[in-house]
Every structure is written in structure tokens, then in C-alpha cells.
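Here are the chains, one letter per residue:
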There are 2 protein chains.
Amino acid sequence: MLVKDIGEFGLIGRIAQLLPRGPADVVVGIGDDVAVLKTSGPDYLLATCDKQAEGVHFKTCAISAYQLGRRAVAINVSDVAAMGGYPLWMLVSLAITEATDVAFIDELYRGMIEQAGLAGAAIVGGNLSRAESGISIDITLLGRIAPECLVLRSGARVGDAILVTGLPGESRAGFELVRNPQIRVSESARSRVMERHFTPQPRLREGQLLAEAGLVRAMVDVSDGLMADLGHICEASQVGAVVETERLPVSKAVSEVADSGHANEARARALDWILAGGEDYELLFTASCENVPRIQKMLLSESGLKCTQIGQIIAEAGTLRLSNPDGTETSLPPGPRGWDHFGGRKTEER
Amino acid sequence: MLVKDIGEFGLIGRIAQLLPRGPADVVVGIGDDVAVLKTSGPDYLLATCDKQAEGVHFKTCAISAYQLGRRAVAINVSDVAAMGGYPLWMLVSLAITEATDVAFIDELYRGMIEQAGLAGAAIVGGNLSRAESGISIDITLLGRIAPECLVLRSGARVGDAILVTGLPGESRAGFELVRNPQIRVSESARSRVMERHFTPQPRLREGQLLAEAGLVRAMVDVSDGLMADLGHICEASQVGAVVETERLPVSKAVSEVADSGHANEARARALDWILAGGEDYELLFTASCENVPRIQKMLLSESGLKCTQIGQIIAEAGTLRLSNPDGTETSLPPGPRGWDHFGGRKTEER
């Protein structure tokens, strides 16, 4: 049996089975994006790692070393943000070839240092090793959270509203322009979606605000894809979800890119990018319906970010449905609905 | 300027220059094998990462998945051991191809879980990603230490004795047999050095004993090579060192492998392996001369491990000398004296 036969999440499940039961100091262990650990102090320690590998996650002809550095840090910060945590320290494991230009490393670190600085984190160590071919950057980010503020995937309750920050789909629209540079769109749309694709901004302050206000029941960041990540919440919380497509926030830039050359199917393309594009690094969370206006007002006033109610948590565990404006519903098939490193339906390079 | 022009340690120095000054909660940052961090509790947090990549650090035809799992964990545990710390949690970032056999992953995890269990650590998370070719395992190990027990590289003082645990050189002898399987040696020597090469045992309990007894001033593990790692102590402590070659512990197995087919140069080969072979994961440390008998007795009685005084710390900063039995001395050139991922003089594959 090969890895491609069971896919990324099948493999994670299998590994989780192999592991002995976690000791008492492990609050959240394998299966989540972030491990939550009890230390000798009052705070919990958060630990997460994420990798960017040449040829798999990026091409050096498409992304600059500076952008790559920012991105590699941002995707880790986003995982800590989705728990409401505070990033503290980073280890950088860098594999490079002998022929890597030192200027590339300088720029990579400039990007990492800048993005780490925005998150209040410091690079405190790591490892350098030789790669036979292809650069890779594997970052471990450590952070902290007060136990009473911790938000997990597993807290969603039936009847909860489902909300998402910002404008998901823009990163996927940027990827469309990378793949098809000949697409003609306005310069403002192009620069907007390219920036969102190459240097996504994790919603760190927003995650902290939501967690500290105690208004959020379950939260993830949108990395695999909105529906796939909503599936992670549903699985962990043993609930289902209905997303109302007409409520989805469609950015002007996404519309423009989706429309270019595909006027007939522009809306379907835009919805697909929003629902399954991934790598948005927006926050997707659930909250009691009565708290929705308060949450929206708080995020808008404190960080200038809109968030949109896009659906509701339902009782049928594992069910993910799209509710269409004409009253019809579409059930999403069980199993991977977005990014899977080994069964993924989308090209992974950018 | 390319990476190979400045080498691993040149690059680490350059990166350290790029980083902003570490915040107050960073006790030891970049440049050491392990970061030491102040948490909200009384203990310090230790964080280290080390990688094993196919084709660079191992060949799947030479090492089993189980051995690889043990080894990948052991080299990280060894770094924590060299500070006197206690391993707690591990994140495993695994890059595999779609065509990796799931049985390989099972065996890899069996090895990792077993070695982690020996160290009292639990696998609490990680990351799975697709590799274009070649498996890699990047492990981050977190641990703890009471601040008063922490041993760094930087504490060596002029006049200190230099000691090493166990029998360095055996891993290098094992590598010799991997490269030249036709070498004829006794089965006991073969199995001994192969085991030491493929599944080295970090000196965790010994590191903790030494640290808690307060008898050690500076300590590292022997990964790059005994002289190279002694150089790290000297650099951090701004001292020099003289190693007396006649004091070096030469294992029977090392002698046997070194002798096979090279009777004339057997001793020189054995010494070279001991001094520069690396990957022994023994502890190399300095202590006040008057404490040497006490240290040796303690390690022997509490863990059954011999340790040998091999030289002395001297005042001339950066000087590394070998003192020969005939009274002559050999100065080692400055710069890398063992493993350098980009300027390394030895083949890195095993």
C-alpha cells in the first residue's frame, strides 16, 4: 500500500493510531495543526511546523526569496492565530544546495525576520543542511496562550453561525494569474490577488481578539480550502455544516479574474475558488448566532477587517452542504474537499 | 557568492548578523545546537531541530526505516543531553513521495516512538508534505531544564580537564564497513560498530547526571567530530585546547576495523576516526581537574559508562593542538575541522 492510496489525512490517522497515548501534559496532540502543551508555568505552550519545498510548494522563478521568507513564516503564524495564541520563537530548518546564492539566503531571512517581527516572534535557532536539489524551509513556531483563551476546532455547537474573515478566494485568483499570465485584468486586481497569493497576512490580531473576547467556539485558518477546513471543524466537533453560497463574500478582484475569458462561468469559478481554493489564511470560526453582530463590530473597529456569516452548524455529523439561492442544496462528498498533499486535485506549484 | 564559498559555519555567522538582537526571553539563541528560552514557569524551555534527508544523510538501501526513525530522534535527544536537559515533546515534519510505501512509514514511526520513549518524550504533532524525490525527516525536539542545571558550551575555563564519554570513532568505523562491505573483521566488531553507526544512543542520563551534580563547566555532544566540537567549546568559551593523543580511548572494534588491510597505518586511521569521524553522540565536556575522579566514578556507578580525560583547556583562544607521545605537538588549522555540510571533507552518505 502506497502513500497515494490512503492520502494525507488517511496517513495522519494511521500515524495517530501508532502513537502511544499522549502524556498528561499534552492538551492537544497529533491531528491538529498546533500542539498545545502544559509547561511549568501558567501559560500553555503552542508548537506548530510547516514547510515550503521548492518544486512542491513554490518555484524560485515565480516567487522571490523575500516573499518566500514572508510566506514561510506567515503560514505558521496563521496556525497560531487560529487558536488565539501569541507567537514567540521560531526555529528555521533550511536545506540548500552548495550552489545556492548567499544573496538568496539574505533575502529569505529578510522576509522571515520582517514577518516574524510583525508577529512579535524571534528566530532563535534552527538547522542548516545540504539539499541534493531544491531548497526547503521547515519552520517550527512556538507560542503561548492563556488556557482560558484557547480556541480549538472541537468546540462548534449545533446552531452556531459560521463566519469567515476577509475575502477568501483571492489567493486562488492570484494563482490563476501565475499559471496564466496572459489573463487581462486591471492592475489593481492583479496586484491585489498576487500579493494575497505570495505574501498572505495571517489574521493574528483578529484571532487574539476573538479568543480573548470569549466569543468564538471553534476556529481554524483557511489553508486547505474553506470547505475542507470547515470539514476539519465538523469532524473535530462531531457536527455538520450548511454554507449559503449567496452569503459568500466575493471580492471585486476575484470576480474580475474569474470573469476574464470565462464570462459564462464566472460566478461558478469565483465560488469554487472561495470554497476550495485554499491558502487564504483567513480565519474560519463558529459562534453563537446572537454574538455575530458584536463580533463583526469588534473586528471592524479594532482591526478594520470585515467578517461575514456564511452558514450554520447542523446536527448531522460529517455532513457538509451548500445551500443555493434557488433553494436547492448540494451535498459535498465525504473525504478530502481541498488540499491533500497526496490526493490533491489541484496543482500544488506556485 | 555561493554557499559553498563560505561553508556552513560561515553561513550561520552571516545569518546571526542579520537577526535583530534577541528579546530578553532568549537565554541562548542562534549559533548553538539548542535554543534556551524563558517561559512563564520556573523551567527553561529547550528547542532544537535536526534533519535526516535521503541521499544527503542516509540511503534507504543502507539503513532500515526503523533504524532511521531511531537515529533521527537520537541525534536530537543528544543535543538536549549535552545541556543536561529533559526531552518532552517532538514535532515530526515528514516529506515523502506519493510512492512511499506505507509500511516504510509504519517502521519509521516504530523507530521514532521507541527512541522517543527511551528519552521520555512524546510525538505531539508535525507536518506531512509531498517530496518530489527523496524522503526527509525534520524533527523539532522540545525539552526542559532547571536554570541552575543548564550547561552551555561557553563555560570552559583555563586549566579545565577535557573529558569524553564512551568510545568515539566507532560510528566512523561503522561507516567504513558500510562503504567497504568486503572488509573482513570479527562479527562482534562488525555488529558493534554498525549498531553505533546506525542507531547511536544519546548519553541522556549521563548529561543529566553531570549537569545536576554541578561538576561540568562546558559540554557538547560529538556530532561534527571530536576536534570540531571541541573547537565549538573553545570558540564559545574563548579558550584553546590541547588533546593528548595517547590518552584517547581506542575501542577494540575501532582498532580492528582500522587495521584491516591497513596494518601500517592502523593507528593513524583509528586516531583520525576518533578525532574527526563524528556522529558518535558521546558527550565532550570540561571540568575542574580536581573533580575528574569523582565524575568518572559517578558515571561508572550510575550509568555504567566510562569517561576519559583526553586533554586540557589552555589560554590561547582558538588554538587546538594535538600532543603526541613523542613530545611533539600538531596544531590544527583554524576553520572547519570536521563536518561542514557545504565544505565537508568526508562523504556524507551512509
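Note that the structure is predicted; figures quoted are calculated from it, not measured. (Residues numbered from 1 in each chain as written. Chains lettered and ligands numbered in written order. Predicted model: local features only at pLDDT ≥ 70, side-chain atom pairs only at ≥ 80, totals over all residues. Heavy atoms only, no water.)

### Section: the relation of the copies chain B and chain A
- For the match of chain B to chain A, the screw axis carries a shift of 0.0 Å, the RMSD comes to 0.0 Å, and the turn is 180 degrees. Within this description, the copies of the chain are treated as partners about a two-fold rotation axis. Of every C-alpha in chain B, the one belonging to Gly41 of chain B sits nearest the axis of rotation, 1.6 Å from it.
- When the interface residues of chain B are mapped onto chain A, 100% of them again lie at the interface, so the same face is used by both copies. (Least-squares fit on C-alpha atoms with pLDDT ≥ 70 in both. Contact = heavy atoms within 4.5 Å.)

### Examining the domain arrangement of chain A
All names here are of chain A.
- Taken domain by domain, chain A consists of domain 1 (43-149) and domain 2 (153-339).
- Contacts between the two partners involve 22 residues from domain 1, matched on the other side by 21 residues from domain 2.
- Here domain 1 meets domain 2 over a buried area of about 1700 Å², counting both sides, of which 59% is carbon and sulfur.
- Counting every contact that joins domain 1 to domain 2 gives one salt bridge.
- In this structure, Arg71 and Glu279 form a salt bridge, with 3.5 Å as the shortest nitrogen-oxygen distance.
- Secondary-structure elements contributing two or more residues to the side of domain 1 that touches domain 2 are helix 2 (65-81), strand 4 (86-96) and helix 3 (102-118).
- Examining the composition of the side of domain 1 that touches domain 2, we find that nine residues originate from one element, helix 2, more than from any other.
- Grouping the amino acids of the side of domain 1 that touches domain 2 by side-chain chemistry returns 13 nonpolar, six polar and three charged. (Domains from an automatic or database assignment. Buried area = accessible area lost by both parts, 1.4 Å probe. Salt bridge = Lys/Arg side-chain N within 4 Å of Asp/Glu carboxyl O. Helix = DSSP H or I, 4+ residues; strand = E, 2+ residues; numbered from the N terminus. Nonpolar A, V, L, I, M, F, W, Y, C, P; charged D, E, K, R; others polar.)

### So, the interface of chain B and chain A
- Taken together, the contact pairs 71 residues of chain B with 71 residues of chain A.
- Approximately 5900 Å² of surface area, both sides summed, lies buried where chain B meets chain A, with 67% of it carried by carbon and sulfur atoms.
- Its largest share of buried area at the contact with chain A, chain B owes to Trp89, Leu128 and Arg130 of chain B, together 11% of the area lost on that side.
- Connecting chain B to chain A are two salt bridges.
- The partner of Arg14 of chain A in a salt bridge is Asp106 of chain B, with the nearest N and O atoms 2.6 Å apart.
- Taken together, chain B and chain A are joined by 21 residue pairs in polar contact (both at pLDDT 80 or more).
- Taken together, the elements giving at least two residues each to the side of chain B that touches chain A come down to helix 1 (3-18), strand 1 (26-28), strand 2 (35-38), strand 3 (44-53), strand 4 (86-96), helix 3 (102-118), strand 5 (122-130) and strand 6 (136-145) of chain B.
- Taken together, the residues that form the side of chain B that touches chain A break down as 38 nonpolar, 17 polar and 16 charged. (Polar contact = N/O pair within 3.5 Å; in protein donor to acceptor, adjacent residues only side chain to side chain.)

### Examining helix 2 of chain A
- With 17 residues, helix 2 of chain A should cover 24 Å at 1.5 Å per step; its first-to-last C-alpha distance of 24 Å lies within 8% of that length.
- Burial within helix 2 of chain A is extensive, with 16 of its 17 residues counted as buried. (Expected span 1.5 Å × (residues − 1). Buried < 20%, exposed > 50% of the residue type's maximum accessible area, 1.4 Å probe, protein only.)

### Remarks on unusual backbone geometry
All names here are of chain B.
- Despite not being glycine, Gln238 has its phi angle at roughly 55 degrees, a positive value.
- Tracing the backbone shows Gln238 in the loop between helix 7 (226-237) and strand 9 (240-244).
- By relative accessible area, which is 63% here, Gln238 ends up exposed.
- Although it is not a glycine, Tyr281 adopts a positive phi angle of roughly 55 degrees.

### Digging into the packing of helix 5 (residues 187-198) of chain A against helix 8 (residues 252-259) of chain A
Residue and element names in this part refer to chain A.
- Running from N to C, helix 5 and helix 8 point in directions that differ by 105 degrees, and their axes come no closer than 9 Å. By the criterion of interaxial angle, the relationship of helix 5 to helix 8 is roughly perpendicular. Contacts from Ala189, Arg192 and Val193 in helix 5 reach Ala253, Glu256 and Val257 in helix 8. (Axes fitted to C-alpha atoms, helices over the stretch in contact; angles between N-to-C directions. Parallel < 35°, antiparallel > 145°, perpendicular 65-115°, else oblique.)

### Overview of the sheet that holds strand 3 of chain B
Residue and element names in this part refer to chain B.
- What the six strands build is an open sheet, ordered 1-2-3-6-4-5; its pairing is mixed. Whereas interior strands pair on both sides, the edge strands pair on one side only; in this sheet they are strand 1 and strand 5. Adjacent strand axes in the sheet meet at a mean angle of 20 degrees, parallel and antiparallel pairs treated alike.
- Inspection of the sheet shows strand 2 paired to strand 3 by four bridges, in the antiparallel sense. Looking at strand 3, one finds that Lys38 is bridged to Tyr44.
- Of the strands in this sheet, strand 3, strand 4 and strand 6 are in contact with helix 2 (residues 65-81), which crosses strand 3 at around 145 degrees. (Pairing = 2+ DSSP bridges.)

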